[in-house]
Amino acid sequence: MVKLKTEEEIAILKENAILVSKTLAEVGKKVAPGVTTMELDRLAETFIRDHGAVPGFLGYGGFPYTLCLSVNDVVVHGFPSDYRLEEGDIVSVDCGTIFKGYYGDSAYTFPVGQVSEETSSLLRVTKESLERGIEKAVAGNRIGDVGNAIQSYIESFGYSAVREMVGHGIGRNMHESPEVPNYGHAGQGKKLLAGMTICIEPMINLGVRNIYLNDNGWAIHTADGKYSAHFEKTVAILKDRTEVLTDYDYIEGKKSYN
Ligand code: MG
Ligand code: MG
């Protein structure tokens with residue numbers, strides 16, 4: 001069942017979304033060759049708690065960390081570890097919060113030092129595909145319009161969209177109805193209604209779309225070992241417009257914060 005949100009609920013979801021955005025910005029500042037992904041996890045947890053919130057992923061379904069840190073061929077749900085990031089790597093940082101009883105959820109994939117042309121193109125196109133999906137996430141459209149916009153864009157570059165994992169509604173629960181796939185047919189699927197708050201999160205592979213589950217039971221890898229990128233924003237669908245609740249401007253240094 002889809003839970004439509006009131007203005008007050010959307011305001012709280014926005015507080016969460018902004019805190020997640022700032023946390024991603026803090027993490028992004030530290031991403032560099034030689035840094036371990038566990039260091040990134042620790043600083044995110046401290047930052048979230050210092051702002052009076054609780055890490056949303058920690059303990060969720062048994063997930064043992066604050067961040068999902070997914071390096072290179074890991075699509076999503078990677079564990080922080082003592083792995084030291086290397087020049088040319090990419091790291092998807094997926095972060096959640098709980099504040100005032102609601103969730104925040106957003107992700108950004110950072111290049112580590114200088115990355116190849118092929119890699120930077122994957123990051124750019126995946127982020128652009130998220131914007132194309134958001135453009136279609138308006139009241140009266142359907143879920144398939146969003147997925148189709150993402151899929152058709154990334155496939156025009158020869159990339160593939162992961163199908164087993166999808167975006168989702170968000171509210172008092174991190175994962176609510178509806179599911180928001182990164183593929184689909186325009187005009188099909190559930191209708192988007194004012195009051196829906198959803199996370200749109202393209203997970204885009206450089207090579208084949210196939211994946212496999214790591215022995216740790218969490219991390220999802222690309223079947224061919226090629227890189228995968230992941231960007232996620234939370235949006236609120238309003239009657240006459242769609243408001244993006246997360247804010248990449250913090251991450252990209254276009255807006256300051258404390
Ligand atoms: Mg997420
Ligand atoms: Mg999500």
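Calculation notes
- Residues numbered from 1 in each chain as written.
- Chains lettered and ligands numbered in written order.
- Predicted model: local features only at pLDDT ≥ 70, side-chain atom pairs only at ≥ 80, totals over all residues.
- Heavy atoms only, no water.
- Salt bridge = Lys/Arg side-chain N within 4 Å of Asp/Glu carboxyl O.
- Helix = DSSP H or I, 4+ residues; strand = E, 2+ residues; numbered from the N terminus.
- Pairing = 2+ DSSP bridges.
- Axes fitted to C-alpha atoms, helices over the stretch in contact; angles between N-to-C directions.
- Expected span 1.5 Å × (residues − 1).
- Buried < 20%, exposed > 50% of the residue type's maximum accessible area, 1.4 Å probe, protein only.
- Contact = heavy atoms within 4.5 Å.
- Donors = N, O, S within 2.8 Å, 3.2 Å for Na, K, Ca; no water.

**Focus on the pattern of salt bridges**
- Within this structure, the stated rule accounts for 13 salt bridges.
- Between E15 and K100 there is a salt bridge, and its shortest N-O distance comes to 3.0 Å. Linking E15 in helix 1 (residues 7-30) with K100 in the loop between strand 4 (90-99) and strand 5 (102-111), this pair joins segments that are 85 residues apart in sequence.
- Overlapping salt bridges bring together D41, R42, E45 and R49 as one network.

**Digging into the sheet that holds strand 12 (residues 220-222)**
- Pairing in this open sheet of 3 strands is antiparallel, and the strands run 3-12-11 from one edge to the other. Among the strands making up the open sheet, the edge pair consists of strand 3 (74-76) and strand 11 (211-213). Direction aside, the axes of adjacent strands within the sheet are offset by 40° on average.

**Observations concerning helix 4 (residues 143-155)**
- Taking 1.5 Å per residue as the helical rise, helix 4 with its 13 residues ought to reach 18 Å, and the 18 Å between its terminal C-alpha atoms agrees with that figure.
- Burial analysis of helix 4 places 10 of its 13 residues in the buried class, which makes it a mostly covered element.
- Buried residues belonging to helix 4 abut helix 3 (117-136), strand 6 (160-161), strand 8 (176-180), strand 9 (197-200) and strand 10 (203-205).

**Notes on the coordination of the magnesium ion (ligand 2)**
- Taken together, the protein ligands of the magnesium ion (ligand 2) are D105 (OD), H168 (NE2), E201 (OE) and E232 (OE), with distances of 2.1 to 2.2 Å.
- Counting gaps between the donor residues of the magnesium ion (ligand 2) yields the pattern D-x62-H-x32-E-x30-E.
- Here the magnesium ion (ligand 2) and the magnesium ion (ligand 1) are spaced 3.1 Å apart, with D105 acting as a shared donor. Of the two residues, D105 sits in strand 5 while E201 sits in the loop between strand 9 and strand 10, which places them 96 residues apart along the sequence. Each member of the pair, D105 as well as E201, carries the same accessibility label: buried.

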